[in-house]
Amino acid sequence: MIVLPIVQDISVALALLVGLVLALEAGFRAGRRAAAKHESQASGQVGAIEGAVLGLLGLLLAFSFSAAGSRFFERQDLITQEANAIGTAYLRADLLDEPHASELRAALKEYTEHRLRLSRTLRSGISPADAAEIERLHNRMWSAAAAGANAKPAVAVVVLPPVNEVIDLHSTRMAAGLKHVPSLVLGLLIACSFLGAGAIGYGCGQGRHRSGPLTVPLAILIGISLWITIDLDRPRAGLLQLSDAPLAELKFSKEPK
């Protein structure tokens, strides 16, 4: 059975929200039972623990959200850099003699089209076939540029660097795509969120009042913050997607000389 990406992403968000609300309710019931057993004198300690847990949660969320957001914009900047490098290499192909200029331009155009198609399936990673196709296109670009530079050595220093940058940026983008919030940190963040919701519910339970208008929106806010952090950290697998507009807007209007 194939699960649509948007359904899977919404399911993760709902699971987090339901889990937090359940933790809130479990904490409330535990606190109410404690109050019924005349243990309400420990409410000061509960407040201190609740504050410590929420403080730790806020710290973890702040660092994780900031790291995920920074990596998201880093990946977006790399797409722009790649588009600039492709555009520069395409223009500098004019300095080569035929047929090398036309071959280089054709290779760059095919490479860009392949990148755009590949972006639509990156949710499941790069397949061996796609990796082989990328390597083939890299070899085609470099062979055309190198052959043209050998035939006209004076332009080598101008033509070869942007082609090399296009090839290098693939590895840079691949490495950036592998940077994620460590699973251990993400697990700690989720556990701390549930514990924080439980502590809030426990405090309300000791007071024998749910305070729903305050506690439920807080649980929802924590859940949304968690979901956005996870979504930003995996920009090809969630609703928050990187934009390939810089690549799509490249103009390949040159005709062979």
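Predicted model only: the values in this text are computed from it and were never measured.

Undergrad: Outline the packing of aromatic side chains, supporting the account with residue identities and numerical values.
TA: Applying the stated criterion across every chain yields a total of 2 aromatic pairs. Pairing Phe72 with Phe73 gives two aromatic rings, centres 5.7 Å apart and planes at 90°, and the pair type is edge-to-face. Overall, Phe72 belongs to the buried group, its relative accessible area being 11%. Exposure remark for Phe73: the relative accessible area of 56% places this residue in the exposed category. Taken together, a centroid distance of 4.9 Å and an interplanar angle of 75° make the contact between Tyr90 and Phe252 edge-to-face. Within this pair, whereas Tyr90 is found in helix α2 (residues 43-92), its partner Phe252 is found in the segment after α8 (245-248), the two being separated by 162 residues in sequence. Residue Phe252 is classed as partly exposed on the basis of its relative accessible area of 21%.

Undergrad: Outline the packing of helix α4 (residues 128-151) against helix α5 (residues 156-177), listing residues and values.
TA: Look at α4 against α5: their axes get within 9 Å of each other, and the N-to-C directions meet at 170°. By the angle between their directions, the pair α4 and α5 is classed as roughly antiparallel. Contacts between α4 and α5 involve Ile134, His138, Met141, Trp142, Ala145, Ala146 and Ala149 on the former and, on the latter, Ala156, Val159, Leu160, Val163, Asn164, Val166, Ile167 and His170.

Undergrad: Help me get a handle on a positive patch on the surface, residues and values and all.
TA: On the surface, a cluster of positive charge is made up of Arg32, Arg33, Lys37 and Arg208. Structurally, Arg33 can be placed in helix α1 (residues 5-36).

Undergrad: Talk me through α4; I want residue IDs and the actual numbers.
TA: Its 24 residues give α4 an end-to-end C-alpha distance of 34 Å, which sits within 8% of 34 Å, the value for a rise of 1.5 Å per residue. All of the buried residues along α4 are Ile134, Leu137, His138, Met141, Ala144, Ala145, Gly148 and Ala149. Tucked into the core, α4 has its buried residues touching α3 (100-119) and α5.

Undergrad: Which residues make up the environment of Gly177, and what are the values?
TA: Here Gly177 shows up in helix α5. Judged by its relative accessible area of 33%, Gly177 falls in the partly exposed class. In the structure, Gly177 is positioned 78 residues away from Pro99 in sequence and 36 Å away in space, judged by C-alpha atoms.

Undergrad: If you had to explain α3 to someone new, which residues and values would you point to?
TA: With 20 residues, α3 ought to run about 28 Å at 1.5 Å a step, and its terminal C-alpha atoms sit 29 Å apart, in line with that. When α3 is considered as a whole, its buried residues turn out to be Ala101, Ser102, Leu104, Arg105, Ala107, Leu108, Tyr111, Thr112, His114, Arg115, Leu118 and Ser119.

Undergrad: Before we move on, can you summarise the nonpolar core with the specific residues and values?
TA: Ranked by internal contacts, the top residues of the largest apolar core, which has 36 residues, are Ile86, Leu104, Leu108, Tyr111, Met141 and Val163. Listing elements by their share of this core, those giving two or more residues are α2, α3, α4 and α5. Examining the composition of this core, we find that 9 residues originate from one element, α2, more than from any other. Those residues in contact with Tyr111, other than ones at most four positions away along the chain, are Glu82, Ile86, Ile134, Leu137, His138, Met141, Val166 and His170. Core analysis: the second largest hydrophobic core is formed by 20 residues, Ala13, Leu24, Leu189 and Ile200 among them.

How each quantity is defined
- Numbers given for residues are sequential positions, taken from 1 along each chain in its written order.
- Given that the model is predicted, a residue must reach a pLDDT of at least 70 before its local features are reported, and side-chain atom pairs must reach 80 or more before they are shown or counted; all residues, however, enter totals for whole chains, interfaces and linings.
- Think of the side-chain values as coming from all heavy atoms in the structure, minus any hydrogens and water.
- Side-chain rings of Phe, Tyr and Trp (the six-membered ring for Trp) are treated as a pair once their centres are within 6.5 Å; stacked means planes under 30 degrees apart, edge-to-face means over 60, and tilted covers the remaining angles.
- Buried residues are those whose accessible area, probed at 1.4 Å on protein chains only, stays under 20% of the maximum for their type, while exposed residues exceed 50% and partly exposed ones sit between those limits.
- Secondary structure elements are taken from DSSP: a helix is a run of H or I of four residues or more, a strand is a run of E of two residues or more, and numbering for both begins at the N terminus.
- In this analysis, axes come from line fits to C-alpha atoms, helices being fitted only over the stretch in contact, and the angle between any two N-to-C directions falls in the range 0 to 180 degrees.
- Working definition: roughly parallel below 35 degrees, roughly antiparallel above 145 degrees, roughly perpendicular at 65 to 115 degrees, and oblique for all remaining angles.
- Whether two residues are in contact is decided by their heavy atoms, any of which lying within 4.5 Å being enough.
- Only residues whose relative accessible area exceeds 30% and that form no salt bridge enter a patch; like-charged residues are grouped when within 9 Å of one another, and nonpolar side chains (Val, Leu, Ile, Met, Phe, Trp, Tyr) when within 5 Å.
- Using a 1.4 Å probe, accessible areas were evaluated by the Shrake-Rupley method; residue-level cover was limited to the displayed protein chains.
- Salt bridges are defined by distance alone: a side-chain nitrogen of Lys or Arg within 4 Å of a carboxyl oxygen of Asp or Glu.
- Here the positive residues are Lys and Arg and the negative ones are Asp and Glu; neither His nor the chain ends is included.
- Here the site of a charge means atom NZ of a Lys, CZ of an Arg, CG of an Asp or CD of a Glu.
- To estimate how far a helix should reach, multiply one less than its number of residues by 1.5 Å.
- Joining through side-chain atoms within 4.5 Å is the link that ties buried Ala, Val, Leu, Ile, Met, Phe, Trp, Tyr and Cys residues into a set, and such a set is a nonpolar core.

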